[in-house]
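Structure at a glance
Chain by chain, the residues:
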Amino acid sequence: AVMSRYYENPSGRRDWQVLRRNATIESDMHEAGIAASILEICEARAREHGALAIRAIGVTLGELSGVVPEALEFAFEALKAETLARTAELRVERVPLDARCQKCGWAGRPDGDVCLLCPACDSALQILSGREMQVNYVELEEESECSASP
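This write-up is about the structure you can find in this document. Every value quoted in this text rests on a predicted model; they were computed, and no experiment measured them.

Topic: the overall build of the chain
- Counting its secondary structure elements, the chain contains three helices and seven strands.
- Ordered by position in the sequence, the α and β elements of the chain form the string β-α-α-β-α-β-β-β-β-β.
- A separation of at least 24 residues holds for 71% of the contacts in the chain among residues at least 6 apart in sequence.
- Of the roughly 8600 Å² of accessible surface on the chain, a fraction of 49% belongs to carbon and sulfur atoms.

Quick look at the structure:
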C-alpha cells in the first residue's frame, strides 16, 4: 500500500456551517456533528481516490472556533469505527487568538476569555487568527501500482 496526502482545501478555508448541515449523524453535542462532518467529507474524498483506508486527518481549530479539541477527538474516536477512517489518527493543530487594534496599532492576545477591547485604548480589536476550523489534509492508503495484476 502507498500513503498519499490529499489536501481537502488548498486555499486553507472551509465553510463549516455547510459541513454541519450536511452531517449524517444528528447530535446535541456540537463536536459530534463536526466529527461526523469531517468523516463524511474525508470518506468521500478517499472513495474518489479509490483509497483502501484513511490513515490520518489533519484539522486546524482556532481558540475562538467554539470547538473543544478533546471533545472533538472523543467524538471522532466514537464515530470512526464503521468508516474508512477506523484506524485513522485525528491530528489537531490549535491556533491561538491573535488580534490587532486598528486605532492605536496594539497587537497580541487579548486579556480575559473573550474581551475584544484594546488594552491600550479600549477600541474594538480586529481578530487576526483564532477563528479557524478547517480540514487541512487527509492521508490515504491506496493500492500500490506494483500490486496490480498484469
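Having seen it, we continue.
Observations concerning the nonpolar core
- If you look at the biggest cluster of nonpolar residues, it comprises 24 residues, and the most contacted ones within it are I38, C42, I54, I57, L72, F76 and V135.
- If you list the elements that add at least two residues to this core, you get helix 2 (30-48), strand 2 (53-62), helix 3 (69-79) and strand 7 (133-142).
- Not counting chain neighbours up to four residues away, the residues in contact with I54 comprise C42, E43, A46, L84, A85, T87, A88, V138, E139 and L140.

Here we look at helix 3
- Among all positions of helix 3, only P69, L72, A75 and F76 are buried. End-on view of helix 3: buried residues confined to an arc of 125°, all on one side of the axis. Among the exposed residues of helix 3, those oriented more than 90 degrees off its buried face are F74 and A78.
- Buried residues in helix 3 make contact with helix 2, strand 2 and strand 3 (89-95).

Section: the pattern of salt bridges
- Evaluation of the coordinates by the stated rule reveals eight salt bridges.
- Among the ionic pairs, R45 bridges to E48, the shortest N-O distance being 2.9 Å. Of this pair, R45 and E48 both sit in helix 2, three residues apart, which is roughly one turn of the helix.
- Salt bridges sharing partners connect three or more residues here, namely E89, R91 and E139.

Rules of the game
Residues numbered from 1 in each chain as written. Predicted model: local features only at pLDDT ≥ 70, side-chain atom pairs only at ≥ 80, totals over all residues. Heavy atoms only, no water. Helix = DSSP H or I, 4+ residues; strand = E, 2+ residues; numbered from the N terminus. Contact = heavy atoms within 4.5 Å. Areas by Shrake-Rupley, 256 points an atom, 1.4 Å probe, with all protein chains shown as cover. Core = buried A, V, L, I, M, F, W, Y, C linked by side-chain atoms within 4.5 Å. Buried < 20%, exposed > 50% of the residue type's maximum accessible area, 1.4 Å probe, protein only. Arc of directions from axis to C-beta. Salt bridge = Lys/Arg side-chain N within 4 Å of Asp/Glu carboxyl O.

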